[in-house]
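If you want the building blocks of each chain, they are given just below.
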Amino acid sequence: MKMGCLNGTTISLSCLKLAFPSYPSSFQNLPFRRTIKPLSAAVQTSPATSPSTTKVEDQGARSHWKAAIDFKWIKDNKEAVAANIRNRNSDVDLELVLQLYDQFFNLQKEVERVRGERNAVANKMKGKMEQFERQRLIEEGKNLKEGLIALEEDLLKLNDKLQLEAQRIPNMTHPHVPIGGEDSSMTTKLVGSAPEFSFPVKDHLELGKELCLFDFDTAAEVSGSKFYYLKNDAVLLEMALVNWTLSEVMKRGFTPLTTPELVRSSIVEKCGFQPRGNNTQVYSIEDSDQCLIGTAEIPVGGLHMDSILAETLLPLKYVAFSHCFRTEAGAAGSATRGLYRVHQFSKVEMFIFCRSEDSEHYHEELIKIEEDMFSSLGLHFKILDMASEDLGAPAYRKFDVEAWMPGLERFGEISSASNCTDYQSRRLGIRYRPLEAPVASPRKSKSNLAPPQFVHTLNATACAVPRMIICLLENYQQEDGSILIPEPLRPFMGGRSVISRKS
Amino acid sequence: MKMGCLNGTTISLSCLKLPFPSYPSSFQNVPFRRTIKPLSAALQTSPATSPSTTKAEDQGARSHWKAAIDFKWIKDNKEAVAANIRNRNSDVDLELVLQLYDHFFNLQKEVERVRGERNAVANKMKGKMEQFERQRLIEEGKNLKEGLIALEEDLLKLNDKLQLEAQRIPNMTHPHVPIGGEDSSMTRKLVGSAPEFSFPVKDHLELGKELCLFDFDTAAEVSGSKFYYLKNDAVLLEMALVNWTLSEVMKRGFTPLTTPELVRSSIVEKCGFQPRGNNTQVYSIEDSDQCLIGTAEIPVGGLHMDSILAETLLPLKYVAFSHCFRTEAGAAGSATRGLYRVHQFSKVEMFIFCRPEDSEHYHEELIKIEEDMFSSLGLHFKILDMASEDLGAPAYRKFDVEAWMPGLERFGEISSASNCTDYQSRRLGIRYRPLEAPVASPKKSKSNLAPPKFVHTLNATACAVPRMIICLLENYQQEDGSILIPEPLRPFMGGRSVISRKS
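Residues numbered from 1 in each chain as written. Chains lettered and ligands numbered in written order. Predicted model: local features only at pLDDT ≥ 70, side-chain atom pairs only at ≥ 80, totals over all residues. Heavy atoms only, no water.

All names here are of chain A. Relative to the assigned elements, A83 resides in helix α5 (residues 78-87). Of the residues examined, A83 reaches a relative accessible area of 25% and is grouped as partly exposed. C-alpha of A83 to C-alpha of H323: the two residues are 240 residues apart in sequence and 38 Å apart in space. (Helix = DSSP H or I, 4+ residues; strand = E, 2+ residues; numbered from the N terminus. Buried < 20%, exposed > 50% of the residue type's maximum accessible area, 1.4 Å probe, protein only.)

So, on to helix α15 (residues 465-475) of chain B. Of all 11 residues in α15(B), 11 are buried; the element is thus mostly enclosed. Along α15(B), the residues that are buried comprise B:V465, B:P466, B:R467, B:M468, B:I469, B:I470, B:C471, B:L472, B:L473, B:E474 and B:N475.

Let's shift gears to the domain arrangement of chain A. Size of an interface, as often reported, equals the accessible area lost when the parts are brought together. Residue and element names in this part refer to chain A. Per the domain assignment, the segments of chain A are domain 1 (69-166) and domain 2 (180-435 + 448-497). For domain 1 versus domain 2, the separation of C-alpha centres amounts to 43 Å. Counting residues at the interface gives 6 residues for domain 1, matched by 9 residues for domain 2. Both faces combined, the contact of domain 1 with domain 2 buries some 520 Å², and carbon together with sulfur accounts for 37% of it. When residues of domain 1 are sorted by the area they lose upon contact with domain 2, I69, N87 and R88 head the list and together hold 76% of the total. Our count for the contact surface shared by domain 1 and domain 2 stands at 3 residue pairs in polar contact (both at pLDDT 80 or more). The residue makeup of the side of domain 1 that touches domain 2, split by class, is 2 nonpolar, 2 polar and 2 charged. (Domains from an automatic or database assignment. Contact = heavy atoms within 4.5 Å. Buried area = accessible area lost by both parts, 1.4 Å probe. Polar contact = N/O pair within 3.5 Å; in protein donor to acceptor, adjacent residues only side chain to side chain. Nonpolar A, V, L, I, M, F, W, Y, C, P; charged D, E, K, R; others polar.)

Before going further, it helps to spend a moment on the sheet that holds strand β7 (residues 307-310) of chain A. Residues and elements named next belong to chain A. One open sheet holds the 3 strands; their spatial order is β7-β13-β14, and the pairing between them is mixed. The open sheet has two edge strands with one neighbour each: β7 and β14 (453-454). By the bridge criterion, 4 bridges tie β7 to strand β13 (residues 430-433) in an arrangement that is parallel. Residue pairing in the sheet places S307 in a bridge with I430 of β13. (Pairing = 2+ DSSP bridges.)

Inspection of the secondary structure puts A:E206 in helix α8 (residues 204-210). A:E206 sits 268 residues away from A:E474 along the chain, and the two C-alpha atoms are 9.8 Å apart.

The full count for this structure, using the stated rule, is 57 salt bridges over all chains. With its nearest N and O atoms 3.5 Å apart, the salt bridge here joins B:R355 to B:E357. The partner of B:D358 in a salt bridge is B:R355, and the shortest N-O contact between them spans 2.9 Å. Classification of B:R355 by relative accessible area gives partly exposed; the value is 24%. Among the charged side chains, a network of salt bridges with common partners joins A:E248, A:K251, A:R252, A:K368 and A:D372. (Salt bridge = Lys/Arg side-chain N within 4 Å of Asp/Glu carboxyl O.)

Right, let's talk about helix α10 (residues 233-251) of chain A for a bit. If you check α10(A), its first and last C-alpha atoms are 27 Å apart, about what 19 residues at 1.5 Å a residue would give, namely 27 Å. Count one or two residues on from α10(A) and you reach A:G253, which has phi positive near 90 degrees. (Expected span 1.5 Å × (residues − 1).)

Here the focus is the interface of chain A and chain B. Contacts between the two partners involve 49 residues from chain A and, on the opposite side, 49 residues from chain B. Both sides together, the interface formed by chain A and chain B hides about 4,400 Å², and carbon and sulfur atoms give 61% of it. The three residues of chain A that bury the most area against chain B are A:V222, A:Y229 and A:T258, which together make up 14% of that side's buried surface. Inspection of the region where chain A meets chain B yields 25 residue pairs in polar contact (both at pLDDT 80 or more). The element contributing the most residues to the side of chain A that touches chain B is α10(A), with 8 residues. In terms of residue class, the side of chain A that touches chain B is built from 27 nonpolar, 13 polar and 9 charged. In this sheet, strand β3 (residues 229-231) of chain B lies alongside strand β4 (residues 255-258) of chain A in antiparallel orientation, the contact comprising 2 bridges.

Written out as structure tokens, the structure is:
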């Protein structure tokens, strides 16, 4: 009995569950085609939710990576998930996801059932039987196999479609996160105070020009706008900032890393970024699936992809130094001149892999490290609990630090600390094996091991060099145009305490 | 009298120089078309010497950048240039260049002549004359204008074609450079001696594995082969090498720089690299004219592009720290594992802009700086005067340093110092104004200023971090698997003298 593909918006399970009637031998060569149309046709009638929908179908044999999304949990918490989507101003279609999931779930059961039938037939054929009966079984097995292939193909396509939309669902949100847009972000702490100047304050561009610290004009010819050369003492300042930051964070038990700055685009996506979207922040390499990283968060996240870590290893704490590249497409506004918004910059990034129950603790630890470092540099800054619309898809909660920039006459972001809970780990495939088995048993065996759980990941900026340079130049400018170097950086600048003309 | 376009492989100049015959009024409306076919057709019949020939023609309105090549000098020194091309095993077609140049030169003269005629007609029309004569002059002026436009168009196309082939002519060669392939390179100096080990020697990969210094496997998943993470003490070693190198070179009067790592592809070409050739070393950015730099030489060269520098500014000496990206397409062989050949690495580069008479002196200075630094690190190395086939198009002379790598059991290149004379400056448009006017004159005026001359440029590797890491790990390995840190680097590693397990 041949089985065709499923078709129709609902699967009529009743007819599928019919037992095979026994056939007289005269019917052996008449194919009986079940009128079940391909599910993929049903799926195609659903409205496309994103331009990349057709892209998945076009990919053919090479299917996109899969996130280990907990669909059952989403289904059981549908209201909360929907509210979260609204709060974050996301346009993902939750109804579609749930619909596709139900279809997938049912189709999966059907596939299993047909597999079972096929195995039954195969088993039957092991015994002794008449020739005609053997022939009938062979025919039946063949039909089941063809039908199975078709169903499995549908299942793959359905899974692709489901994943495509489901991957867009943003992370859940910490209950204390303010709901709303950027004006709703809450200041949780204010540190230090704005310096008072007895002379006209200059911005970093003017200070840099007088002290021969940067060149933006030539860089615009050589590379394009928003590129720059650092010169003279600005180079020493960058090296001092990086060296000092690495040293400070290493003291707190973080393992230092340098990372690749070219990564496969799938890794970028798994971390929650959109390499191919409109106004993407990501530079792509021609004739390649590689992209430039916008942050070391991406290659560090990839460091433990597709792994099961021993619980005793956690937490894993890394501090990574890399260059970062951002297209800044769509970024406009007044505060984009000079070093404030550039295409390439050096950054020292902190990253933690931990157990789920520990992520909130480490989020506090990360923001505390930032607070300590920025305080010791004498900066005036505030810490913000970012509002729901400003979190970005991966973050459960995000603290930003904005420092006072006297030349810009406003606060500017110098750092961001996110708790991504299991959003990235479900995509990167990073789990850990808990030590204790869930059920105590006198007999220790492999089956008593607790099932692996997804780690939580966190990332935080330890030092974004250009923004720090702006802060240091503008806050520490002297009347004569020289810049005082804050104490902690002096040992890293050969003991120097001032940046001045012709120094 | 209308003038058609030039055509034919040779321009029959004789007919072009004929004065206009006077016409009776009855001929006014009969166009006289000179049977001179477009020169571009003539060019098309010449065999294409490089695949990119047609590309220049396709570029249409947007013409490629022009190098200030001294064609007269090439013509006057044709034999020497041809011998040089042979010695360097280059396939550039010198005959074609000279041919195209002659065409261009003559066509340029023709254009000037026709311009002159047009001006004469314009002047004539200022006077008083009869109506019919004015009409005749207007007609003549119009014909000349159209002819001129056609000729100028031909001139542009001819110039494009000339430039395309001429830009491929390699730099001349220093008389002491050995002629031949890599086996002909000569050892100028041998410094230090290979360390002796009383235990089996490990290579850097094995040492790095035991000390948890690198990760190549995960990087291959995240980014691709020949990428790597540095971890733990390897990060400190990289920072120490960069900091120490910058410090050492700055002591010698070099201005520190950090540079853009994305540059326009034209800048890459002007420095003598081929971003779009087969087996190119250059990564290009999708939907952009930008490329990743393979060396800081490129953005530093661009720092003074299209400029005339005051002689008093020279020499300009820069030391630049950047990340470098190379595709390593076509690179094969046994010594490509581990850190020896990678797609991304940190490098400190020295670059000098100077007067022509000083470049040989500064070439010696650069190689001396390298010798001093590598000696102070205790390395065993040789300095090679590279043979003519191994120079690369921009270099007049090139010294390579190869250091002993016990794990690889051979010498490996750790540095390269090139004197590019005016090859790059003629392409980047970098000149200087000599102080003294050539002819003494009692009257000081702007016209007495000496004409600007092209600077000479030199570049040299101060520190290529991965190669240096190989040298340090393999040469300083101890029996217990730890690594001794050479004295000069210890202050830059917080005073540490050893890299060991769990340190």
